[in-house]
Amino acid sequence: MILAQNPLNEHAKERFLKDIHKIADEQGVTTDTAFSRWICKEFLRLEDDDDIETAVEIGGANDRAVDFFWINDEPAEREAQSINWGQAKFSETLDRVFDSDALDHFGQSIGRLEDSPVESNSAFKNASEEFRAVGGVESQIQKRMYLCVAGSINAQVEEDISPGSDWRQRNLSTTTGPSIEIIVIDINKIIQQCRQRQTGPV
């Protein structure tokens with residue numbers, strides 16, 4: 001469900017698009033990559049430009065449906081650490097739909113991080129090595145998959161990622177360690193983030 005139109009929401013959308021184009025212009029990247037960078041800053045809370053660059057380096061040809069990858073190993077306790085990776089789909093019109101095909105492709109990223117295909121790009125292979133080094137899918141570290149779209153997810157995707165779904169059983173089951181968390185960042189979350197940034201927490 002898309003938030004009803006109102007001036008504050010429309011202003012937030014304009015602010016978001018300005019942010020994306022500013023990143024694209026300043027960094028000399030596509031708006032797709034700029035969206036990944038924006039997600040890393042706003043939701044993964046990466047402040048350092050070098051950290052953001054490292055996180056989004058994985059995106060591009062042969063990225064195996066992963067546009068950013070980041071391991072947060074700063075907390076002293078292993079349980080507070082996290083492995084984060086995501087797919088980001090941008091649209092200038094903010095009406096992109098993340099469908100079942102995209103979800104299935106993204107779901108395969110888990111197995112590919114565990115066993116990187118030969119044709120993967122070098123950044124993905126590095127991420128795969130890091131993923132396995134901290135225990136992979138069965139690691140005690142929190143694992144978070146970010147499904148990001150400048151638009152919405154469709155009804156089938158919403159059903160597939162719901163707790164106890166067949167899709168979750170097929171793609172996200174782990175033998176040990178915390179279950180894999182899916183975090184959806186759609187246009188509603190984007191609007192809320194932009195509005196909160198302007199007005200502060202409500």
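Anything mentioned here points back to the structure above.
Below or above, wherever it landed, is the structure these notes cover. Here the structure is a predicted model, which means the values were calculated and not measured.

1. Things to note about the layout of surface pockets
Considering only enclosed or pocket space, the largest pocket measures out at about 350 Å³ in volume. Lining the largest pocket are 14 residues; nearest its centre among them are I23, Q27, K41, D49 and I52. Those elements that place two or more of their residues in the lining of the largest pocket are α1 (7-27), α2 (31-42) and α3 (49-56). Broken down by element, the residue count for the lining of the largest pocket peaks at 5 residues, all from α1.

2. Quick notes on a negative patch on the surface
A grouping of D73, E74, E129 and E130 is seen on the molecular surface, where their side chains present a negatively charged patch. In this fold, E74 is placed in the loop between β1 (68-72) and β2 (82-89).

3. A few points about α3
Inspection of α3 places I52, A55 and V56 among the buried residues, and these make up the whole buried set. Taken down its axis, α3 places every buried residue within 85 degrees of arc, on the same side. Where the residues of α3 are buried, they touch α2 and β1. Two or three places before D50, at the opening of α3, D48 has a side-chain oxygen 2.8 Å from that residue's backbone nitrogen.

4. Considerations on the packing of aromatic side chains
A complete count under the given rule lists 7 aromatic pairs for this structure. When the centroid spacing of 5.8 Å and the interplanar angle of 50 degrees are considered together, the rings of F35 and F90 count as tilted. Residue F35 is located in helix α2, and its partner F90 is located in the loop between β2 and β3 (96-98); the two are separated by 55 residues in the primary sequence. Look at F90 and you get buried, because its relative accessible area is 5%. By the ring-pair criterion, three or more aromatic residues cluster together here, those being F16, F35, W38, F43 and F90.

5. Overview of the pairing of strand β6 (residues 181-185)
With 4 of 5 residues buried, β6 lies mostly within the body of the structure. The pairing of strand β4 (residues 142-149) with β6 spans 5 bridges and is classified as parallel. In the strand pairing of β6, M145 is matched with I182.

6. Brief notes about helix α4 (residues 100-107)
Three or more residues of α4 are buried, namely A102, L103, F106 and G107. Buried positions in α4, seen along its axis, are confined to an arc of 135 degrees and lie on one side of it. Those residues of α4 hidden inside the fold are in contact with β2, β3, α5 (109-114), β4, α7 (155-160) and α8 (166-171). Among the residues of α4, the N-terminal cap falls to D99, whose side-chain oxygen and the backbone nitrogen of D101 are separated by 3.3 Å.

7. Topic: the pattern of salt bridges
Within the structure shown, the criterion is met by 5 salt bridges. Two residues, K13 and E10, come together in a salt bridge whose shortest N-O distance is 3.3 Å. Of this pair, K13 and E10 are both found in helix α1, 3 residues apart, which corresponds to roughly one turn of the helix. With a relative accessible area of 26%, E10 lands in the partly exposed category.

Conventions used here
- Residues numbered from 1 in each chain as written.
- Predicted model: local features only at pLDDT ≥ 70, side-chain atom pairs only at ≥ 80, totals over all residues.
- Heavy atoms only, no water.
- 1 Å grid on protein atoms, 1.4 Å probe; cavity = no way out; pocket = protein on both sides within 12 Å on 5 of 7 lines; lining within 4 Å.
- Points joined across faces, edges and corners; volume = space filled by probe spheres on them.
- Helix = DSSP H or I, 4+ residues; strand = E, 2+ residues; numbered from the N terminus.
- Patch = residues over 30% accessible without salt bridge, like charges linked within 9 Å, V, L, I, M, F, W, Y side chains within 5 Å.
- Areas by Shrake-Rupley, 256 points an atom, 1.4 Å probe, with all protein chains shown as cover.
- Salt bridge = Lys/Arg side-chain N within 4 Å of Asp/Glu carboxyl O.
- Lys, Arg positive; Asp, Glu negative; His and termini not counted.
- Charge placed at Lys NZ, Arg CZ, Asp CG, Glu CD.
- Buried < 20%, exposed > 50% of the residue type's maximum accessible area, 1.4 Å probe, protein only.
- Arc of directions from axis to C-beta.
- Contact = heavy atoms within 4.5 Å.
- Polar contact = N/O pair within 3.5 Å; in protein donor to acceptor, adjacent residues only side chain to side chain.
- Phe/Tyr/Trp six-rings, centres within 6.5 Å; stacked < 30°, edge-to-face > 60°.
- Pairing = 2+ DSSP bridges.

Bear in mind that shape data such as this cannot, by itself, settle questions of function.
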